[in-house]
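What the coordinates show
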Amino acid sequence: MRPEPGQVLHFSEDPTIELFVPHVAPTSALREPYVWAVGYERCPDYWFPRACPRAMAWKTAGTSEADADRIIGAGCGDRVHAIEYGWLKALMDVGLYAYRLPAGPFRAIGDDGHALVAEVPVKPLGPAEPVPDLLDLHEEAGIQLRVLDNLWSFWNEVTASTLGFSGIRLRNARR
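Note that this is a predicted model, so its numbers are computed, not measured.

1. A word on unusual backbone geometry
With phi around 60°, Arg-169 is a residue other than glycine that occupies positive phi space. Looking at where Arg-169 falls in the secondary structure, it is placed in the segment after strand E10 (164-168). Here Arg-169 falls in the buried class, since its relative accessible area comes to 16%.

2. Thoughts on the nonpolar core
Judged by nonpolar contacts, the single largest core of 19 residues is most densely connected at Met-1, Leu-9, Phe-11, Trp-47, Val-131 and Leu-134. When residues of this core are traced back to their parent elements, those giving at least two are strand E1 (7-12), strand E3 (54-58) and helix H3 (134-140).

3. Let's talk about the packing of aromatic side chains
Per the counting criterion, the structure on display carries three aromatic pairs. Relative to Trp-36, the ring of Tyr-34 lies with its centre 5.7 Å away and its plane at 85°, an arrangement referred to as edge-to-face. In this structure Tyr-34 comes out as buried when scored by relative accessible area, which is 6%. Where Trp-155 meets Phe-165, the ring centres are 5.4 Å apart and the plane angle is 85°; that geometry is what we call edge-to-face. Here Trp-155, found in helix H4 (residues 152-159), pairs with Phe-165, found in strand E10; they are 10 residues apart in sequence, far enough to count as distant. By relative accessible area, Trp-155 is classed as buried at 13%. Taking the ring centre of Tyr-40 as reference, the NZ or CZ of Arg-2 above it sits at 4.5 Å.

4. Here we look at the environment of Gly-104
Structurally, Gly-104 is set in the loop between strand E5 (97-102) and strand E6 (107-109). Gly-104 gets classed as exposed once you look at its relative accessible area, which sits at 71%. A sequence separation of 87 residues divides Gly-104 from Ile-17, and the C-alpha atoms of the two residues are 19 Å apart.

Analysis parameters
- Note on numbering: residues in each chain are counted from 1, in written sequence order.
- Reporting in this predicted model follows two pLDDT cut-offs: at least 70 for local features of residues, and 80 or more for side-chain atom pairs to be given and counted; totals over whole chains, interfaces and linings ignore these cut-offs and use all residues.
- Hydrogen atoms and water are omitted, and side-chain values are computed over all heavy atoms in the structure.
- The secondary structure listing takes helices from DSSP runs of H or I that are at least 4 residues long and strands from runs of E that are at least 2 residues long, numbered from the N terminus.
- Partly exposed residues are those whose accessible area sits between 20% and 50% of the maximum for their type, while under 20% is buried and over 50% is exposed, using a 1.4 Å probe and protein chains only.
- Take the buried Ala, Val, Leu, Ile, Met, Phe, Trp, Tyr and Cys residues and link them wherever side-chain atoms come within 4.5 Å; each set so joined is a nonpolar core.
- In this analysis, rings of Phe, Tyr and Trp, with Trp reduced to its six-membered ring, are considered paired at centre separations within 6.5 Å, and the interplanar angle assigns stacked below 30 degrees, edge-to-face beyond 60, and tilted for intermediate values.
- Whether a charge lies above a ring is judged from NZ of Lys or CZ of Arg, which has to be within 6 Å of the ring centre and within 35 degrees of the ring normal.

See the structure below:
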């Protein structure tokens, strides 16, 4: 599930949102109120239950072949997502929805611009759309989905590599 041109997406487990109002997200280090969304390239980062910890890595122009082979796997595509076994059932059962929002009010934020924010209320372009099977989305996008006992060893390897990476909700991962 990806946005069309001129759109961004917001993923939620709540299908009843009629207006997105800027707020300070409890998980954000930023203290400014925003409406959060994501563009086409980073949608796969949110094909998970909201609280699910996930470690993600992908090839970039600066990725060494050795790091890609070691972490993603030779012949295994350009991207890998990892979750813990304890979250697999939630991944398979979650009711996830996507809201299509107009891209106009949003701007990139952060060093790599991975997130998009608006500082004004934003009305969805239509009702929430059920997100299809999350395993199927990963497969169709050519993204490996790895299930691990614990994310931390994998995360440490990823962050010390030349791969691009993102970790979301890692505070919920096993210690």
